[in-house]
Amino acid sequence: MLVMNRFVVEEAAAGSFTERAHAALAALAARPGYLRGRLTRALDEPSHWCLVTEWESVGTYRRALGAFDVKMYATPLLAESLDEPSAYEALAEAAPGGEVVTAASDRAADQGPPSPR
């Protein structure tokens, strides 16, 4: 599972933002199910930033959000991200030089029509 939180940060606030983002990334990285993460900035628009984390599953990510350190360091930062979808499921991947490997969706809506009540 991939989580991308995008931010628009004024140049004057970039230093403070970076410090808070590092603390948030460290808090998230300490949680079970965390696979990797990075703080990125757009090359063409340096006020645009993205905090990207990868998780074993939706459940591990959601449980991580309830941890004390995450609530202290990550949640306030994530609340400043752009109001848009941020959690994505992986449906296909390819290693360098490898073939594309697909995966079924975990979304209930993608598993067929709803059963009648």
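Since this is a predicted model, take the numbers as computed values, not measurements. (Residues numbered from 1 in each chain as written. Predicted model: local features only at pLDDT ≥ 70, side-chain atom pairs only at ≥ 80, totals over all residues. Heavy atoms only, no water.)

Peer 1: Any chance you could explain the UniProt feature "domain: ABM" (unreviewed entry) in the protein here in plain terms?
Peer 2: The feature "domain: ABM" (unreviewed entry), as annotated in UniProt, sits at residues 2-61 in this numbering. With 33% helix and 38% strand, residues 2-61 has its two end C-alpha atoms placed 9 Å apart. (UniProt positions renumbered as here; feature names shortened; annotations may be inferred. Helix = DSSP H or I, 4+ residues; strand = E, 2+ residues; numbered from the N terminus.)

Peer 1: I tried to follow the sheet that holds strand E2 (residues 34-41) on my own but got confused; where do I start?
Peer 2: To summarise the sheet geometry, strands pair through backbone hydrogen bonds and adopt either a parallel or an antiparallel arrangement. Ordered by their spatial adjacency, four strands build an open sheet running E2-E3-E1-E4, and the pairing between neighbours is antiparallel. Each edge of the open sheet carries a strand with a single partner, namely E2 and strand E4 (87-88). Sheet topology places strand E1 (residues 2-8) next to strand E3 (residues 48-55); seven bridges connect them, and they run antiparallel. The residue bridging Leu 2 from the neighbouring strand is Glu 54, located in E3. Against the sheet, helix H1 (residues 14-29) touches E1, E2 and E3, its axis set at about 170° to E2. (Pairing = 2+ DSSP bridges. Contact = heavy atoms within 4.5 Å. Axes fitted to C-alpha atoms, helices over the stretch in contact; angles between N-to-C directions.)

Peer 1: Can you walk me through the environment of Ala 79 in this structure?
Peer 2: You can see Ala 79 is positioned in the loop between helix H3 (68-78) and E4. Taking C-alpha positions, Ala 79 is 16 Å from Ala 67, a pair spaced 12 residues apart along the chain.

Peer 1: I'm lost on the pattern of salt bridges in this one. Help?
Peer 2: A side chain of one charge can pair with a side chain of the opposite charge when the charged atoms of the two come close. A complete count under the given rule lists three salt bridges for this structure. Of the charged contacts, one joins Glu 54 and Arg 36 as a salt bridge, the two residues approaching to 3.0 Å between their closest N and O atoms. In this pair, Glu 54 is assigned in strand E3 and Arg 36 in strand E2, connecting sequence segments 18 residues apart. (Salt bridge = Lys/Arg side-chain N within 4 Å of Asp/Glu carboxyl O.)

Peer 1: How do you make sense of a nonpolar patch on the surface when you look at a structure like this?
Peer 2: Residues Phe 68, Met 72 and Tyr 73 make up a contiguous nonpolar surface patch of roughly 360 Å² in combined accessible area. Tracing the backbone through its elements, the reader meets Met 72 in helix H3. (Patch = residues over 30% accessible without salt bridge, like charges linked within 9 Å, V, L, I, M, F, W, Y side chains within 5 Å. Areas by Shrake-Rupley, 256 points an atom, 1.4 Å probe, with all protein chains shown as cover.)

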